[in-house]
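Chain and residue survey
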Amino acid sequence: MPRKVMVVDDDPEIVDYLVTVLQERGYDTCTASDGDMAMEVLLNEYPDLITLDLEMPGAWGPRFSRRLSRNPEFSDLPVIVISGLAGIHLAIPRAIATLHKPFDPEELLRIVEGAIGPP
């Protein structure tokens, strides 16, 4: 069964792009448009890794990350922050990587494969 990556971003174009990049490499994907929805998807899909935008309506990235860290079942789940905000490397201390929008898809795939292995 392929590894699964959850894409959390409120921009549908970014979501579509990330899903395409990941699926073309062979990863399964699931998506959420904000932190509240991400918690629901997380509990239903059990992804192996999360890509996380910071600035979203509702529960934005740092709030979702704190909720994730407090749940023992998901506290070790790798998170890659992908955002256009400055200072993103400071926003989610537990992130395994931070990428600025626009990002290099090959760099993203190297990080994903390094964290969870090939699909």
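Treat the numbers as computed from the prediction; the structure is a model and nothing was measured.

Rules behind the numbers
- Residues numbered from 1 in each chain as written.
- Predicted model: local features only at pLDDT ≥ 70, side-chain atom pairs only at ≥ 80, totals over all residues.
- Heavy atoms only, no water.
- Core = buried A, V, L, I, M, F, W, Y, C linked by side-chain atoms within 4.5 Å.
- Buried < 20%, exposed > 50% of the residue type's maximum accessible area, 1.4 Å probe, protein only.
- Helix = DSSP H or I, 4+ residues; strand = E, 2+ residues; numbered from the N terminus.
- Contact = heavy atoms within 4.5 Å.
- pLDDT = per-residue confidence, 0-100.
- Phe/Tyr/Trp six-rings, centres within 6.5 Å; stacked < 30°, edge-to-face > 60°.
- Polar contact = N/O pair within 3.5 Å; in protein donor to acceptor, adjacent residues only side chain to side chain.
- Axes fitted to C-alpha atoms, helices over the stretch in contact; angles between N-to-C directions.
- Parallel < 35°, antiparallel > 145°, perpendicular 65-115°, else oblique.
- Left-handed = near helix turned anticlockwise from the far one by under 90°.
- Nonpolar A, V, L, I, M, F, W, Y, C, P; charged D, E, K, R; others polar.

The biggest cluster of nonpolar side chains holds 20 residues, and the ones touching the most others in it are Ile80, Leu108 and Val112. Taken together, the elements giving at least two residues each to this core come down to β1 (4-8), α1 (12-25), β4 (79-83), β5 (97-100) and α5 (105-116). Counting residues per element, this core draws most heavily on α1, which supplies 6 residues. Excluding residues within four positions of it along the chain, Ile80 makes contact with Leu49, Ile50, Thr51, Leu52, Ile96, Ala97, Leu99, Leu108, Ile111 and Val112. Counting residues in each nonpolar core, the second largest holds 19 residues, with Met6, Val8, Leu68 and Leu77 among its members.

A separate point is the confidence of the model for the protein. Confidence in the prediction for the protein averages 90 pLDDT; 93% of positions are at 70 or higher. Summarising per-element confidence for the protein, the mean pLDDT is lowest in helix α4 (residues 88-91) (62) and highest in α5 (98).

For the structure shown, the criterion picks out 2 aromatic pairs. Between the aromatic rings of Tyr17 and Phe103, the centroid separation amounts to 5.8 Å while the plane-to-plane angle is 55 degrees, which identifies the pairing as tilted. One end of the pair, Tyr17, is in helix α1; the other, Phe103, is in the loop between β5 and α5, and 86 residues separate them in sequence. Overall, the relative accessible area of 39% leaves Tyr17 in the partly exposed class. The exposure class of Phe103 is buried, given its relative accessible area of 13%. Ring geometry for Tyr46 versus Phe74: centroids 5.5 Å apart, planes at 35 degrees, classification tilted. Taken as a pair, Tyr46 in the loop between α2 (35-45) and β3 (49-52) and Phe74 in the loop between α3 (61-70) and β4 lie far apart in primary sequence, 28 residues in all. Classification of Tyr46 by relative accessible area gives partly exposed; the value is 43%.

This brings us to α2. Of the residues making up α2, those classed as buried are Gly35, Ala38, Met39, Val41 and Leu42. If you follow the buried residues of α2, they end up packed against β1, β2 (28-32), β3 and α3. For α2, the N-terminal capping position is held by Asp34, with its side-chain oxygen 2.9 Å away from the main-chain nitrogen of Asp36. One or two positions beyond α2, positive phi appears at Tyr46, with a value near 50 degrees.

On to the packing of α1 against α5. Here α1 crosses α5 at 60 degrees, and the two axes come no closer than 11 Å. By the angle class used here, α1 and α5 are oblique. Crossing hand, α1 versus α5: right-handed. Contact residues: α1 offers Tyr17, Leu18, Val21, Leu22 and Arg25, while α5 offers Pro105, Glu106, Leu108, Leu109, Val112 and Glu113. Of the residues in the contact of α1 with α5, the class split is 8 nonpolar, no polar and 3 charged.

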